[in-house]
Amino acid sequence: MSTGTTGTADPAGRPEDDRSAAARKREQRGWYFYDFACSVYSTSVLTVFLGPYLTSIAQAAAGPDGYVHPLGIPVRAGSLFAYSVSASVVAAVILMPVVGAAADRTGRKKPLLAAAAYTGAAATAGMFFLDGHRYLLGAFLLIVANASISVSMVLYNAYLPQIAGPEERDAVSSRGWAFGYTSGALVLVLNLILYTGHESFGLAESDAVRICLASAGVWWGAFTLVPLRRLRDRRVEPGGGGAVGSGWKQLLATLRDMRRHPLTLSFLLAYLVYNDGVQTVISQASLYGSQELGLDQTTLITAVLLVQILAVAGALGMGRLARTYGAKPTILASLVVWTLILIAAYLLPAGAPVFFYVLAAAIGLVLGGSQALSRSLFSHLVPRGKEAEYFSAYEMSDRGLSWLGPLVFGLAYQLTGSYREAIISLIVFFALGAVLLARVPVRRAVEAAGNPVPQRI
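Residues take numbers from 1 onward in each chain, read along the sequence in its written order. Under the rules for a predicted model, residues below a pLDDT of 70 receive no local features and side-chain atom pairs below 80 are neither given nor counted, while totals for whole chains, interfaces and linings still include all residues. Side-chain figures throughout are based on the complete set of non-hydrogen atoms in the structure, without hydrogens or water.

## Quick look at the overall build of the protein
Tallying secondary structure elements over the protein gives 18 helices and 2 strands in all. With a 1.4 Å probe rolled over the protein chains alone, any residue whose accessible area is under 20% of its type maximum counts as buried; one over 50% counts as exposed, and the rest are partly exposed. For the protein, the proportion of its 457 residues judged to be buried stands at 59%. Residue contacts are counted whenever heavy atoms from the two residues lie within 4.5 Å of one another. Considering only contacts within the protein whose residues lie at least 6 apart along the sequence, 84% involve residues at least 24 apart. In these tables, accessible area is a Shrake-Rupley quantity obtained with a 1.4 Å probe, and a residue counts as shielded only by the protein chains included in the view. If you sum the accessible surface of the protein, you get close to 17,200 Å²; carbon and sulfur atoms cover 65% of it. Per the convention used, a helix needs a DSSP run of H or I reaching at least four residues, while a strand needs a run of E reaching at least two, with both numbered from the N terminus.

Right, dumping it as structure tokens:
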């Protein structure tokens, strides 16, 4: 795969090495396809199947008191999945600064993206072997896959300011999310056919679930080939130091540099808080539906499919709203909707799939847009030439530091035995995140980063 040549960033903010509109569009289309590749993991594995399935394996292995004892630690079986998500974030926090620094110092994002993507895809494919009482294997594979997707997204997101100019980033970022939700919906349809018709295929229910889990890994690996062929590495001046040592030095340097850009840091803090709530709702929704609301797997699959379909429209629709009203006001409005969703989830009666579908529709309409616009807004706050290291910090907010929400969720359930108490505890993330975001003067933040200010932001 050719790395191409490097051009100099344009003072007007156009993407570097802007050789032609056709070349830029080709690279953007390749970039969209990584969302298309990896989103099936987030949808089919993390959101739909793994939470209820790993919990059922842990419950089967638990003693009469309902506890399992990984490494001798007493853990309520129903909390194992949430704790595993938190552990995966700790692993990602360790790796992401190293990878971000290596990408900036060498300019070779593609090999690093390939390594992270195929490690995660292999771990996901390995979930085919989850059966019996293998809850420890399931927790381990979840940690590896979830950490890998976080690391890969550092590199993926760092391409955005290089392939799209300031005025087009909201649209490009939103299209990436739309590609991801499209693939998630397509694979969920296939999952639904296999799961609901497993007997006609000669499969046990658990076999169908394991195939659905493993197929997400195969999909992830296969479609990663598209961005690896179309994205280009940019040459940079060689730096010294080993990847590991320089990674942590670079993280400290990035944090020190961010002190020179306090408004960028303020946005990251706000994003860290409200996105922790978003990520926790995504990862724990199926567990809440199955364990607290008593909904069957078919209902959960179709509800998440509804989320995927509406998230495509939501991402594109909120992108249009951002062009009219600005990204920040649109994100703030979405956080109000997220808060109302959690209140409704707390009040939702058990065994009422219609109400659950209404809730899923609301999630779909705000999910993709709030994430896509946050990513594009941050891209305006990144000093030129520091994309990978700043997006490493961003990804630590996006996935890497999203450990507190699952931990709070797991602890709330462990202490109360109620998933309703766990879900309502997440409101604080959206409320506090909205307050922090409202206080960020984004126009001044863009100017302070040395970037051109879009007409609407």
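## Some details on the environment of Met 318
Tracing the sequence through the fold places Met 318 in helix H11 (residues 297–325). Between the C-alpha atoms of Met 318 and Ser 174, which are 144 residues apart in sequence, the distance is 8.4 Å. If near-sequence neighbours (up to four positions away) are discounted, Met 318 is found in contact with Thr 330, Ser 334, Leu 365, Val 366, Gly 369, Ser 370 and Leu 373.

## Considerations on the side chain of Thr 124
When you line up the elements, Thr 124 lands in helix H3 (residues 109–125). Classification of Thr 124 by relative accessible area gives buried; the value is 0%.

## Comments concerning the pattern of salt bridges
We define a salt bridge as a contact between a side-chain nitrogen of Lys or Arg and a carboxyl oxygen of Asp or Glu at a distance within 4 Å. Counted under the stated rule, the structure contains 5 salt bridges. A salt bridge links Asp 131 to Arg 134, with the shortest nitrogen-to-oxygen separation between them at 3.5 Å. Taking relative accessible area as the criterion, Arg 134 reaches 41% and is therefore assigned partly exposed.

## Quick notes on helix H1 (residues 21–61)
Helix length check: H1, at 41 residues, gives a terminal C-alpha distance of 57 Å against a target of 60 Å (1.5 Å per residue), a fit within 8%. Note on bend: the value at a residue is the angle between axes fitted to the seven residues ending there and to the seven starting there. At Phe 49, H1 shows its maximal bend, which comes to roughly 55°, and the proline Pro 52 appears one to four places after that position. Taken across its 41 residues, H1 has 30 buried, putting it largely inside the fold. The span expected for a helix works out to 1.5 Å for each residue beyond the first.

## Some remarks on the packing of H1 against helix H6 (residues 169–196)
Lines fitted to C-alpha atoms define the axes here, with helix axes fitted over just the stretch in contact, and angles between the N-to-C directions of these axes take values from 0 to 180 degrees. For the pair H1 and H6, the least separation of the axes is 7 Å and the interaxial angle reads 45°. With respect to H6, the element H1 is oriented oblique. In this structure, the crossing between H1 and H6 has a hand that is right-handed. Only Asp, Glu, Lys and Arg are considered charged in this grouping, and only Ala, Val, Leu, Ile, Met, Phe, Trp, Tyr, Cys and Pro are considered nonpolar; every other residue, Gly among them, is considered polar. Broken down by class, the residue content of the contact of H1 with H6 amounts to 13 nonpolar, 10 polar and 2 charged. Angular relationships are summarised with four words: roughly parallel below 35 degrees, roughly antiparallel beyond 145, roughly perpendicular across 65 to 115, and oblique for the angles in between. Each crossing gets its handedness from the near helix: less than a right angle anticlockwise from the far helix is left-handed, clockwise is right-handed.

## Structural notes on the nonpolar core
In this structure, Trp 31, Tyr 34, Leu 50, Trp 220, Phe 267 and Trp 338 are the most contacted members of the largest nonpolar core, which totals 139 residues. With 17 residues, the single largest contributor to this core is H1. Those residues in contact with Trp 338, other than ones at most four positions away along the chain, are Val 278, Val 281, Ile 363, Val 366, Leu 367, Ser 370 and Phe 430. Residues belong to a common nonpolar core when they are buried Ala, Val, Leu, Ile, Met, Phe, Trp, Tyr or Cys residues joined through side-chain atoms within 4.5 Å.

## Side note on a nonpolar patch on the surface
A cluster of nonpolar side chains, Leu 186, Val 189, Leu 190, Ile 193 and Phe 201, forms an exposed patch at the surface whose accessible area comes to about 450 Å². On the basis of relative accessibility, which here comes to 48%, the residue Leu 190 falls in the partly exposed class. Exposure above 30% relative accessible area and no salt bridge define the residues that can form patches, which grow by joining like charges within 9 Å and nonpolar side chains of Val, Leu, Ile, Met, Phe, Trp and Tyr within 5 Å.

## Notes on the packing of helix H12 (residues 327–347) against helix H17 (residues 427–438)
Their axes nearest at 9 Å, the elements H12 and H17 cross at an angle of 165°. Compared by their axis directions, H12 and H17 come out roughly antiparallel. Seen along the crossing, H12 lies across H17 with a hand that is left-handed. In this structure, H12 contributes Lys 328, Ile 331, Leu 332, Leu 335, Trp 338, Thr 339, Leu 342 and Ile 343 to the contact, and H17 contributes Ile 427, Phe 430, Gly 433, Ala 434, Leu 437 and Ala 438. Partitioned by chemical class, the residues of the contact of H12 with H17 number 11 nonpolar, 2 polar and 1 charged.

## Structural notes on the environment of Gly 351
Along the polypeptide, Gly 351 turns up in the loop between H12 and helix H13 (353–379). With 59 residues separating them in the primary sequence, Gly 351 and Glu 292 have C-alpha atoms 9.2 Å apart. Sequence-distant contacts of Gly 351, that is, excluding residues within four places in its chain, are made with Leu 293 and Leu 295.

## Structural notes on the packing of aromatic side chains
When two rings of Phe, Tyr or Trp (its six-membered ring) have centres within 6.5 Å they constitute a pair, described as stacked for plane angles under 30 degrees, edge-to-face for angles over 60, and tilted for the intermediate range. Applying the stated criterion across every chain yields a total of 19 aromatic pairs. Judged by centre distance (6.5 Å) and plane angle (70°), the rings of Phe 36 and Phe 179 are edge-to-face. Taken together, the residues Phe 36 in helix H1 and Phe 179 in helix H6 connect sequence positions 143 residues apart. Overall, Phe 179 belongs to the partly exposed group, its relative accessible area being 27%.

## Re the environment of Leu 287
Counting through the fold element by element, Leu 287 comes out in helix H10 (residues 262–292). Among the residues examined, Leu 287 registers a relative accessible area of 1% and is labelled buried. The spatial distance from the C-alpha of Leu 287 to the C-alpha of Leu 50 is 9.0 Å, given a sequence separation of 237 residues. Excluding residues within four positions of it along the chain, Leu 287 makes contact with Gly 51, Pro 52, Thr 55, Gly 78, Phe 81, Glu 292 and Tyr 419.

## Structural notes on unusual backbone geometry
In the Ramachandran plot, Leu 71 falls in the positive-phi region, its phi being about 55° despite a non-glycine side chain. With respect to the secondary-structure elements, Leu 71 resides in the loop between strand E1 (67–68) and strand E2 (75–76). The exposure class of Leu 71 is exposed, given its relative accessible area of 85%.

## Focus on the confidence of the model for the protein
pLDDT measures how confident the predictor is about each residue, on a scale from 0 to 100. Across the protein, the average pLDDT comes to 83, with 89% of residues at or above 70. Per-element averaging of pLDDT across the protein places helix H9 (residues 243–258) at the bottom with 62 and helix H7 (residues 205–223) at the top with 96. Confidence drops under a pLDDT of 50 for residues 1–18, and excluding neighbours within four residues, the segment shows 38 contacts in the predicted structure. This model gives residues 237–245 a pLDDT under 50, and the stretch forms 10 contacts once residues within four places in sequence are excluded.

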